[in-house]
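What the coordinates show
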Amino acid sequence: MTAPSKLPTRRLGELEVSAQGLGCMGMSEFYGPTDEAESVATIHRALDLGVTLLDTADMYGRGANEELVGRAIAGRRDEVVLATKFGAIRDGNGPASAVRGDAAYVRQACEASLRRLGVDHIDLYYQHRVDPDVPIEETVGAMAELVAEGKVRYLGMSEAGAATIRRAHAVHPITALQSEWSLWSRDIEDEIVPTCRELGIGLVPYSPLGRGFLTGRFASPADLPDGDFRRVAQPRFAEGNFERNLKIVEALRKLAAERGVTPGQLALAWVQHRGEDVVPIPGTKRRAYLEENVAAVSIELSADELAAVEAAVPAGAVAGERYPEQGLRLLNR
């Protein structure tokens, strides 16, 4: 399948965005070598295809990703719904090890992101992870002040638990929840998704392709580039788990072949079919993969086809946790 000439839109609360967004994290680090020229070209191609939602965070590349996105959208700001995140604190070169959600830090982080992005406002500002040591009312209250000042338009949360989402929404409307959701990460379905729908909060699944595993491009851990964090910080890519998870991809590959699409497109189409309030943000740093991902928006799956996909990749079938223990402590709280 080829990418449609223009993407349809969906709504996250009151915010209208393209039916699929673009995750920009891998353009700066985590997934092997980077190529800024190709990354900028990928963002430009995304905008040409009608992708409006661009997702970054202040921790990606230690600010470098926001700077890259800012350079890429210069002159095209009115085409972009710009989303970034704050609050994940890194210790060393690994993923986040701690969080901050105190009011002073919220403001400090926002001002720094605005500078790096080169913009006067952020369209969707997420708390990257909930700080257990700061009442969510303080964090969201500070975020609401940024809305009142025009520095932020809409508020979001990432990997928050249902009770915390309710408390946050009582302080100021939460527009979107960004959490991992894919065929092999379904833990938000029982409680968190229903809570968001009750409150009118949109859902933004990150890693809808299982950090690339569900595309079928990897036959062994050795296929991952040197320095790729999936080799050292993703239990599902570890020896033993990797081989068991390949069986999931093979089942998906067979169904995809019957439809004449790629395994990744079928996995993305499944996420797109979770509801009209769902806007996945598959990440890529290459135009070819971007176009493949965007084409998944046009795939219509019947009830029987969706059932076949879920039978091939049943909930809980994946081997390994989403993150190492340190990362798991930051989820759904």
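Placed above this text is the structure.
Below is a short write-up of the structure. Computed from a predicted structure; not experimentally measured.

Another aspect to go through is the pattern of salt bridges. It is possible for side chains of opposite charge to pair when their charged atoms get near one another. Applying the stated criterion to the full structure yields 26 salt bridges. For the salt bridge of glutamate 111 with lysine 151, the shortest nitrogen-to-oxygen distance reads 2.4 Å. Of the two residues, glutamate 111 sits in helix 3 (residues 103–117) while lysine 151 sits in the loop between helix 4 (136–148) and strand 9 (152–158), which places them 40 residues apart along the sequence. Among the residues examined, glutamate 111 registers a relative accessible area of 25% and is labelled partly exposed. Overlapping salt bridges, with partners in common, bring together Arg107, Glu111, Glu145, Glu149 and Lys151 in one network.

With that settled, consider the state of the cysteines. Scanning the model with the defined rule gives zero disulfides in all. The structure places no disulfide on cysteine 24, whose sulfur is separated from the nearest cysteine sulfur, that of cysteine 110, by 18 Å. Classification of cysteine 24 as buried rests on a relative accessible area of 1%. Judged by relative accessible area, cysteine 110 falls into the buried class, the value being 0%.

The subject of this paragraph is the packing of helix 1 (residues 36–48) against helix 2 (residues 64–73). Contact geometry of helix 1 with helix 2 gives a least axis separation of 9 Å together with a crossing angle of 55 degrees. What the angle tells us is that helix 1 and helix 2 run oblique. Between helix 1 and helix 2 lies a crossing whose hand is right-handed. Residues Glu36, Ser39, Val40, Ile43 and His44 of helix 1 lie in contact with helix 2, whose contacting residues are Leu68, Val69, Arg71, Ala72 and Ile73. For the contact of helix 1 with helix 2, the class distribution of residues is six nonpolar, two polar and two charged.

Before going further, it helps to examine the layout of surface pockets. Here the second largest pocket defines a volume of roughly 190 Å³. As for the second largest pocket, its lining consists of Asp58, Met59, Arg62, Gly63, Ala88, Ile89, Arg90, Tyr105, Gln108, Ala109, Ala112 and Arg116. Mapped onto the lining of the second largest pocket, the elements with two or more residues apiece are strand 6 (88–90) and helix 3. In terms of residue count, helix 3 provides more of the lining of the second largest pocket than any other element does, five residues in total. Grouping the constituent residues of the lining of the second largest pocket by class yields six nonpolar, two polar and four charged.

Conventions used here
- Residues numbered from 1 in each chain as written.
- Predicted model: local features only at pLDDT ≥ 70, side-chain atom pairs only at ≥ 80, totals over all residues.
- Heavy atoms only, no water.
- Salt bridge = Lys/Arg side-chain N within 4 Å of Asp/Glu carboxyl O.
- Helix = DSSP H or I, 4+ residues; strand = E, 2+ residues; numbered from the N terminus.
- Buried < 20%, exposed > 50% of the residue type's maximum accessible area, 1.4 Å probe, protein only.
- Disulfide = S-S within 2.5 Å.
- Axes fitted to C-alpha atoms, helices over the stretch in contact; angles between N-to-C directions.
- Parallel < 35°, antiparallel > 145°, perpendicular 65-115°, else oblique.
- Left-handed = near helix turned anticlockwise from the far one by under 90°.
- Contact = heavy atoms within 4.5 Å.
- Nonpolar A, V, L, I, M, F, W, Y, C, P; charged D, E, K, R; others polar.
- 1 Å grid on protein atoms, 1.4 Å probe; cavity = no way out; pocket = protein on both sides within 12 Å on 5 of 7 lines; lining within 4 Å.
- Points joined across faces, edges and corners; volume = space filled by probe spheres on them.

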